[in-house]
Amino acid sequence: MSTTTTPVTADAEPHIHCEDMVRIFSTEGVEVQALQGLNLRVDAGEMVALIGASGSGKSTLLTILSGLDTPTAGSVRVAGHDLLAMKRAERVQYQRHTVGFVWQQASSNLLPYLSAVENVCLPMAITGRAGRLERADQLLRVLDIEHCRDRTPAQMSGGEQQRAAIAVAIANSPTVILADEPTGELDEATSADVLEAMRSVNEELGITTLIVTHDPSVSEHVRRAVQMRDGRCSTEVLRRTETDEAGEESHIAEEFAVIDRVGRMQLPQDFMSTLGLRERVRLGLEPDHVRVSPATPAADAKAGAEAADSADDKDAAPNNQEDRK
Ligand SMILES: Nc1ncnc2c1ncn2[C@@H]1O[C@H](COP(=O)(O)OP(=O)(O)OP(=O)(O)O)[C@@H](O)[C@H]1O
Ligand SMILES: [Mg+2]
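As the structure is a computational prediction, the values presented were derived from the model and not from experiment. (Residues numbered from 1 in each chain as written. Chains lettered and ligands numbered in written order. Predicted model: local features only at pLDDT ≥ 70, side-chain atom pairs only at ≥ 80, totals over all residues. Heavy atoms only, no water.)

Asker: Describe a negative patch on the surface, with residues and values.
Answerer: A cluster of acidic residues, Asp144, Glu146, Asp187, Glu188 and Asp193, forms a negative patch on the protein surface. Take Asp193: its relative accessible area is 41%, and that puts it in the partly exposed class. (Patch = residues over 30% accessible without salt bridge, like charges linked within 9 Å, V, L, I, M, F, W, Y side chains within 5 Å. Areas by Shrake-Rupley, 256 points an atom, 1.4 Å probe, with all protein chains shown as cover. Salt bridge = Lys/Arg side-chain N within 4 Å of Asp/Glu carboxyl O. Lys, Arg positive; Asp, Glu negative; His and termini not counted. Charge placed at Lys NZ, Arg CZ, Asp CG, Glu CD. Buried < 20%, exposed > 50% of the residue type's maximum accessible area, 1.4 Å probe, protein only.)

This is the structure we're talking about:
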C-alpha cells in the first residue's frame, strides 16, 4: 500500500454528478417513474459498472448522461456541463466532444456500408478534426483491430464490431464514455476481450467510464459496481487487492448501502423480510452505528421469522459479500 501523504488534488466537483434525479415517462395517461431521486458521483478517470434488474432505470440514466434526454427534476452535471440548463448548441458540442457512447447492438454503433476506418473517421469529419486518418489508424491499433481496417461491420465478428464501436466513441477524445450493455450480445470469451478494451481505454487514456451490464464477470472486475434498484442507486460493491506480509494477494469485496445527503437509504429486501420491517421502524443512535429494529418487536419478530422461512435467498446482504459467491 502506498504511504504517500500527498493530498489528492481531485476537483471539488465529481466528473459525473447526479443529485435527486427524477425521470417520469407518461404514456397514454400512465406515469412510470424510471428514476426516483437518483444520486451518483463518479470521479474523473473512474470506471464504474452499473448493474440492476431489468427496468431499474439503467438505460434511462445513461440516455440522460449522453445528453439525448433530460430529467424531469433534479440536477445533473457532467464535466462541468449542467445538462438541464444546456441550450441546443451546447448540447451538440457536449455530444460531439464530451461523451462517447457504445450501445448493446453493434448495428447501432456502426454504419453498415462504411469500413471500420471510415466509421472511426466519421465523427471526426463531423467535428472537422484534422489528421483523421492517422488517428483512426492509431485507434484501430490500440483496440487491436487493425486487420479489420477495410472491412464493413458485416465482415467483422461481434467482438471486433464492438471494439470498432469503442474506437468510434473515443475518436473525438471525449472525457466520458458510456456503454449500455456493450457485451450483451457476445459470448463469454468475446465479452472479456471487449471489456479488456474498455478497461485499457479507461486506464491508458484516463476516460471516465460508466458501463451498464448484467454480466457478473464485468462487475467483478471493476473496482466499483453500483447496483440500481427502483430508479435509485441502492448499494455499491467496492473491490480492492491487499497484499499480506507473506506477499499473498487477497481480493476484498465489500458491499455498502448508498446514503444520500439528507440521510435516505434503501434497506436490502432480505433484511426487511427477515425482520419483518415495514411501514415504521425504530431507529437508535449507538456510539458507532445506527440501529434499525421492528416497531413492535414481538409481533414483527414472529412475522419476520415466518417471512424468513418462506423468503427466497435473493439479494445478498451488505457487508456480507463473501456469502454471495
Ligand atoms: N421512453 C419511455 N417511455 C415510457 N416508459 C419508459 C421509457 N423508457 C423507459 N421506460 C420505463 O422506465 C423504466 C426504466 O427503464 P430502463 O430502460 O431505464 O431500464 P433498464 O434498467 O435499462 O432495463 P433493462 O435491463 O431491461 O435494459 C421501465 O419501467 C421502462 O418501461
Ligand atoms: Mg436498459
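Asker: Let's hear about the pattern of salt bridges: which residues, and what values?
Answerer: Summed over all chains, the structure comprises 16 salt bridges. The partner of Glu19 in a salt bridge is Arg261, with the nearest N and O atoms 3.2 Å apart. Separated by 242 residues along the polypeptide, Glu19 in strand β1 (residues 16–27) and Arg261 in the loop between β11 (249–257) and α9 (269–275) bring together distant segments of the chain. Three or more residues joined by partner-sharing salt bridges are found here, namely Glu19, Asp20, Arg232, Asp260, Arg261 and Arg264. (Helix = DSSP H or I, 4+ residues; strand = E, 2+ residues; numbered from the N terminus.)

Asker: Talk me through the packing of helix α4 (residues 116–127) against helix α6 (residues 158–170); I want residue IDs and the actual numbers.
Answerer: The N-to-C vectors of α4 and α6 enclose an angle of 20 degrees; their axes lie 8 Å apart at closest approach. Judged by the inter-axis angle, α4 sits roughly parallel to α6. At the point where α4 passes α6, the crossing takes the right-handed sense. Contact with α4, carried on its side by Asn119, Val120 and Pro123, involves Ala164, Ala167 and Val168 of α6 and no other residues of that element. A breakdown of the residues in the contact of α4 with α6 according to their chemical character gives 5 nonpolar, 1 polar and no charged. (Axes fitted to C-alpha atoms, helices over the stretch in contact; angles between N-to-C directions. Parallel < 35°, antiparallel > 145°, perpendicular 65-115°, else oblique. Left-handed = near helix turned anticlockwise from the far one by under 90°. Contact = heavy atoms within 4.5 Å. Nonpolar A, V, L, I, M, F, W, Y, C, P; charged D, E, K, R; others polar.)

Asker: Explain the sheet that holds strand β6 (residues 99–102) to me, and be specific about the residues and the numbers.
Answerer: Taken together, 7 strands build an open sheet; the order of strands is β6-β7-β8-β3-β9-β10-β11 and the sheet is mixed. At either margin of the open sheet sits one strand with a lone partner, and together these are β6 and β11. Direction aside, neighbouring strands of the sheet carry axes that sit 20 degrees apart on average. Bridge count between strand β3 (residues 47–52) and strand β9 (residues 224–229): 5 bridges; the pairing is parallel. (Pairing = 2+ DSSP bridges.)

Asker: I'd like a rundown of the site of ligand 1, residues and numbers included.
Answerer: Near ligand 1 you find Phe25, Val32, Ala34, Ala53, Ser54, Gly55, Ser56, Gly57, Lys58, Ser59, Thr60 and His214, and these make up its full shell. One of the side-chain nitrogen or oxygen atoms of Thr60 is found 2.5 Å away from an oxygen atom of ligand 1. Coverage of ligand 1 by the protein amounts to 62% of the 640 Å² it exposes when considered alone. Counting only elements with at least two residues in the shell around ligand 1, the list comes to β2 (30–42) and α1 (58–65). The greatest single-element share of the shell around ligand 1, amounting to 3 residues, is contributed by α1. Here the shell around ligand 1 is built from residues that sort into 4 nonpolar, 7 polar and 1 charged. (Near = heavy atom within 4 Å. Polar contact = N/O pair within 3.5 Å; in protein donor to acceptor, adjacent residues only side chain to side chain.)

Asker: Talk me through a nonpolar patch on the surface; I want residue IDs and the actual numbers.
Answerer: Together, Leu111, Tyr113, Leu122 and Ile126 line one region of the surface with nonpolar side chains, adding up to about 380 Å² of accessible area. Along the chain, the position of Ile126 falls in helix α4.

Asker: Summarise the sheet that holds strand β4 (residues 73–78); cite the residues concerned and give the values.
Answerer: Here we have 4 strands laid out as an open sheet, ordered β2-β1-β4-β5, and antiparallel in their pairing. On the outer flanks of this sheet lie β2 and β5 (81–82), each paired with one strand and no other. Pairing of β1 with β4, which is carried by 5 bridges, proceeds in the antiparallel orientation. Bridge assignment links His17 to a residue of β4, and that residue is Arg77.

Asker: Help me get a handle on α1, residues and values and all.
Answerer: Among the 8 residues of α1, 6 are classified as buried, and the element is accordingly described as predominantly covered. Buried within α1 we find Lys58, Thr60, Leu61, Leu62, Ile64 and Leu65. Downstream of α1 by a residue or two, Gly67 has a phi angle that is positive, lying close to 85 degrees.

Asker: Got a sec to walk through the nonpolar core? Specific residues and values, please.
Answerer: Within the largest apolar cluster, 38 residues are counted, with the highest numbers of intra-cluster contacts made by Val102, Val120, Leu143, Ile166, Ile177 and Ile211. With 7 residues, the top contributor of residues to this core is α6. The residues contacting Leu143, other than those within four sequence positions of it, are Arg163, Ile166, Ala167, Ala197 and Val201. Residues Leu40, Val76, Leu83 and Leu178 belong to the second largest nonpolar core, which totals 26 residues. (Core = buried A, V, L, I, M, F, W, Y, C linked by side-chain atoms within 4.5 Å.)

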